[in-house]
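# Understanding the architecture of this molecule
If you want the building blocks of each chain, they are given just below.
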Amino acid sequence: MSEKSFWQFSLAAYSVVGVDRLLLRLQDEFGADINMLLFCYWLGLDRKTPTPEYWLELQSLTDQWRKESILPLRALRRFLKQQPGVTDFRRNIQAMEVEAERLQQKMMEDFSASNGITAYDGDPVDASWHNLQTYFASLQTIDWVLVIDVNKKLHQLMSLPR
């Protein structure tokens, strides 16, 4: 796998101008999992293209974690944003949410290390696009125009040092 951990890659990806807004839009409007979106690219950088069954198994592994930890923390953090006098408490919840995201990514990275993934002969950008299409096909609620926009923006990730 990449020399850079999935978490390190994700932090670098989020620093690319505009990526955060696009990812949050896919999350909030279409129910996409940002960790899955970034994972598509992280694997693609290593020319890895998992099967649709792999993606389903990975989603099954992480769905309960997201539903029981990340999503409630996110909902609480967003609720607290509207409440006066709870800034420090909200920051603590946000730190917990970020840690829950990191732990999900660790699960995903460990899963990829212990499950065979097919090597892709082509370009890492093509591998990432293939992964993204496979993941989005499993959602069935995605606006493909937005997907194309996200893909164009996230191509900047391919130039990030590994």
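Now for a look at the structure at hand. (Residues numbered from 1 in each chain as written. Predicted model: local features only at pLDDT ≥ 70, side-chain atom pairs only at ≥ 80, totals over all residues. Heavy atoms only, no water.)

### Things to note about the overall build of the protein
Our working rule: We count a stretch as a helix when DSSP gives it H or I for four or more residues in a row; a strand needs E for two or more, and each element gets its number in order from the N terminus. A simple rule labels every residue: compare its accessible area, found with a 1.4 Å probe on the protein chains alone, to the largest value its type can have, and call it buried under 20%, exposed over 50%, or partly exposed in between. The contact definition used throughout considers only heavy atoms, calling two residues in contact when any of these lie within 4.5 Å. Note that accessible areas follow from Shrake-Rupley with a 1.4 Å probe, and for residues the cover is restricted to the protein chains shown.
A count of helical and extended segments in the protein gives seven helices and zero strands. Element order for the protein, N to C, with α for helix and β for strand: α-α-α-α-α-α-α. The 162 residues of the protein split such that 45% are buried. Across the protein, every contact between residues at least 6 apart in sequence was considered, and the portion connecting residues at least 24 apart equals 77%. For the protein, the computed accessible surface area is about 8600 Å², with 53% contributed by carbon and sulfur atoms.

### Focus: the packing of aromatic side chains
The line we're drawing: Between rings of Phe, Tyr and Trp, where Trp is taken as its six-membered ring, a pair exists when centres lie within 6.5 Å; planes separated by under 30 degrees are stacked, by over 60 edge-to-face, and by other angles tilted.
One pass over the full model with this rule turns up eight aromatic pairs. A ring pair is formed by Tyr-54 and Trp-55, whose centres lie 5.9 Å apart and whose planes are at 90 degrees; its orientation type is edge-to-face. Members of the aromatic cluster, connected to one another through ring pairs, are Phe-6, Phe-39, Trp-42, Tyr-54, Trp-55, Phe-111, Tyr-135 and Phe-136.

### So, unusual backbone geometry
The backbone of Arg-47 shows a phi angle near 55 degrees, a positive value even though the residue is not glycine. By secondary structure assignment, the location of Arg-47 is in the loop between α3 (34-45) and α4 (52-81). What makes Arg-47 partly exposed here is its relative accessible area of 35%.

Such coordinate-based values are descriptive only and should not be taken to indicate function.
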